[in-house]
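Residue-level structural notes
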Amino acid sequence: MKQKVRKVWYRGRLTGVGAVIGLVVCFLLMNWWMLSRIPDSGLALKYKFLRANTSKIPIPGELRKLVQGKRPQKTVYARLLAKAAHALAEGQNKPEPKGLWEEPFVPASSWRPCADQRNWEPSEGNNGYILFSANGGINQQRVAVCNAVAVARLLNATLVLPKFLFSSVWRDVSQFSDIYQEEHFINYLKPDIRIVKELPKELQSLDLEAIGSVVTDADIMKEAKQSFYFKYILPILHLNRVVHFVGFGNRLASDPISIQLQRLRCRCNFHALQFVPKIQETGALLLRRMRQNATLAGPLDRYLLGPFAESKMKKKRGRAVKASRYLALHLRFEIDMAAHSLCDFGGGGEERKELEAYREIHFPALTHLKNTTKLPSPAALKSEGLCPLMPEETVLMLAALGFNRRTHIFLAGANIYGGRSRLAAFTSLYPSLVTKENLLSSSEIEPFRNFSSQLAALDFIGCTAADAFAMTDSGSQLSSLVSGYRIYYGGGKMPTIRPNKRRLADIFLKNDTIEWKVFEQRVRKAVRQTKRVFTRPIGRSVYRFPRCSECMCITE
């Protein structure tokens with residue numbers, strides 16, 4: 001009897017254990033089935049180099065164990081990222097929200113470019129020569145070039161071709177002729193100002209510093225008015241026949257300034273500065289691959305690529321291949337931005353020490369200010385919208401806006417702070433995310449390696465020509481110039497996503513409790529309000545906001 005009871009007990013226990021194992025197996029099978037329903041759009045890309053380089057990280061992966069990088073990155077957004085993953089899985093066959101890839105067409109399309117119109121006589125440039133050496137990266141230098149052109153016209157001076165200063169941050173020795181077409185620049189602006197390639201020989205031997213002809217940024221206030229140049233710079237030109245501006249970052253006011261001089265700035269930026277053929281040709285290759293070998297050129301290609309828009313994008317015989325649209329993203333999250341912002345990005349004590357060490361080397365004045373002055377806390381800076389969006393916040397924004405998992409994304413910039421691990425959450429939700437380094441072979445990108453400004457020019461092309469462009473920091477020069485270019489030539493068909501970081505910060509504060517549908521609604525409302533079409537506000541840059549009578553015309 002005891003033996004029978006023992007057998008029955010063992011049989012019951014085995015049955016119970018078997019049931020538990022069966023439930024676990026069923027759960028795992030269901031989990032595998034749900035994940036398998038999420039399409040890996042990276043596989044849809046038709047190029048071997050895209051398949052080899054596009055990140056494919058399973059959705060649960062980034063929430064438990066991030067990919068190898070400089071160091072593992074913890075995130076406070078694990079809960080929202082999980083909800084975003086499920087939302088993308090459930091919405092894979094649903095249409096994207098209406099207007100996601102569009103601008104408010106009617107008001108935007110009524111503006112057309114007209115900065116090429118002139119109604120003045122050429123300047124003789126007989127008051128002397130202006131030399132100038134621009135600092136910063138390619139985008140800061142571009143703005144400085146156009147401001148120098150305006151100052152040369154203002155003072156009736158001859159402009160010597162710009163020089164670019166070597167930066168300890170960008171570490172690029174590229175000069176003007178390595179990036180822009182010299183002859184086109186000189187000839188296009190000939191009806192406006194006189195431009196020469198070098199000083200006359202009799203002036204080349206002068207010690208400009210000794211005679212007081214060197215003017216640095218410390219000598220000129222930011223956003224200096226026209227009257228400043230008449231009062232302080234013109235006398236130097238009359239006396240020494242030459243002035244050398246060193247730095248020249250944002251040293252000419254946006255307002256007040258004459259209409260024709262403002263139009264000259266626009267003419268310089270949107271018409272006179274064309275990339276050299278080497279950059280145009282590689283840019284055309286990048287766009288063709290981003291569009292999956294489509295034969296139809298984009299609306300801005302001819303302005304960006306010149307003759308290569310035709311040769312690289314020309315139609316083949318037969319039916320044209322429809323372009324695959326893509327989103328370009330400028331994720332301004334390099335270490336210089338992170339260090340300069342004084343914000344906290346969740347990396348703890350190690351991150352704080354690393355950023356402080358970087359500041360001491362590259363931003364000593366900021367370090368001194370931080371050590372001697374009570375500055376706002378990182379939390380206060382974030383609540384005011386003064387911190388750059390982290391990659392995790394950016395991917396949550398894109399998912400909330402409704403971009404589906406199959407979206408092809410071109411990521412501009414390089415050396416994201418935190419490395420691959422910082423992008424793990426991003427690439428897991430959007431596997432078709434690529435950079436110029438992914439799109440181009442090693443031999444194709446080799447001529448640009450170690451030239452950060454030339455690489456940035458490729459990013460400029462990739463972002464400007466995109467079907468939609470998203471910025472994460474409105475203060476970024478690249479984002480500002482790209483969005484301005486898209487406004488000027490886009491004809492109301494080139495939308496730009498400009499997040500309001502203060503409103504997003506308030507939304508992200510509730511990441512532990514907010515439901516996904518509410519998060520979606522609030523993010524979409526915050527971004528939708530930035531899509532309004534408006535004219536340039538007084539005092540704002542014409543390079544970023546060209547919708548004004550000086551640069552563009554309204555059609556009835």
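Let me begin by describing the structure that accompanies this report. (Residues numbered from 1 in each chain as written. Predicted model: local features only at pLDDT ≥ 70, side-chain atom pairs only at ≥ 80, totals over all residues. Heavy atoms only, no water.)

**Things to note about the packing of helix H6 (residues 138–154) against helix H25 (residues 477–490)**
For the pair H6 and H25, interaxial distance at closest approach is 8 Å and the crossing angle is 60°. With respect to each other, H6 and H25 are oriented oblique. As for how H6 packs across H25, the hand of that crossing is left-handed. Side by side, H6 and H25 meet where Asn139, Gln140, Arg142 and Val143 of the first sit next to Gln477, Leu478, Leu481 and Tyr485 of the second. Class assignment of the residues belonging to the contact of H6 with H25 gives a composition of four nonpolar, three polar and one charged. (Axes fitted to C-alpha atoms, helices over the stretch in contact; angles between N-to-C directions. Helix = DSSP H or I, 4+ residues; strand = E, 2+ residues; numbered from the N terminus. Parallel < 35°, antiparallel > 145°, perpendicular 65-115°, else oblique. Left-handed = near helix turned anticlockwise from the far one by under 90°. Contact = heavy atoms within 4.5 Å. Nonpolar A, V, L, I, M, F, W, Y, C, P; charged D, E, K, R; others polar.)

**So, the state of the cysteines**
Summed over all chains, the structure comprises four disulfides. Shown here is the disulfide that connects Cys114 with Cys553, its sulfur atoms set 2.1 Å apart. Looking down the S-S bond of the Cys114 and Cys553 bridge, the torsion is 100°, so its handedness is right-handed. With a gap of 439 residues between them, Cys114 in the loop between strand E1 (111–113) and strand E2 (129–134) and Cys553 in strand E13 (residues 552–554) connect regions that are remote in the sequence. The exposure classification of Cys114 matches that of Cys553, with both residues buried. Cysteine Cys548 is unpaired, with the sulfur of Cys551 as its nearest cysteine sulfur at 3.9 Å. For Cys548, a relative accessible area of 6% puts it in the buried group. (Disulfide = S-S within 2.5 Å. Buried < 20%, exposed > 50% of the residue type's maximum accessible area, 1.4 Å probe, protein only.)

**Focus: the sheet that holds strand E11 (residues 468–471)**
Strand order in the open sheet made by the five strands is E10-E9-E8-E11-E12, with parallel pairing throughout. If you trace the sheet from one side to the other, it starts and ends with strand E10 (433–434) and strand E12 (496–497), each paired once. Pairing of strand E9 (residues 408–412) with E10 involves two bridges; the strand directions are parallel. Each residue of the ladder has a partner; that of Ile409, found in E10, is Leu433. Taken strand by strand, helix H12 (residues 277–290) contacts strand E8 (326–330), E9 and E10, and its axis lies near 150° from that of E9. (Pairing = 2+ DSSP bridges.)

**Things to note about the pairing of E8**
Across the five residues that make up E8, a large majority, five, are buried. Burial along E8 is two-sided: Tyr326, Ala328 and His330 and Leu327 and Leu329, pointing in opposite directions, are all buried.

**So, the packing of aromatic side chains**
Taken as a whole, this structure holds 25 aromatic pairs when the rule is applied. Centre to centre, the rings of Phe228 and Tyr229 are 5.5 Å apart; their planes meet at 85°, and the pair counts as edge-to-face. Relative accessible area serves as the criterion here: at 11%, Phe228 is assigned to the buried category. Under the relative-accessibility criterion, Tyr229 is labelled buried at 0%. Ring geometry for Tyr303 versus Tyr489: centroids 3.7 Å apart, planes at 15°, classification stacked. One end of the pair, Tyr303, is in helix H13 (residues 301–305); the other, Tyr489, is in helix H25, with 186 residues separating them in the sequence. Under the relative-accessibility criterion, Tyr303 is labelled partly exposed at 24%. On the accessibility criterion, Tyr489 (11% relative accessible area) is buried. Aromatic rings pair up to connect Phe164, Phe176, Tyr180, Phe185, Phe270, Phe275, Tyr303, Phe460, Tyr485, Tyr488 and Tyr489 into one cluster. Above the plane of the ring of Phe448 lies Lys278, whose end atom (NZ or CZ) is 4.9 Å from the centre. (Phe/Tyr/Trp six-rings, centres within 6.5 Å; stacked < 30°, edge-to-face > 60°. Lys NZ or Arg CZ within 6 Å of the ring centre and 35° of its normal.)

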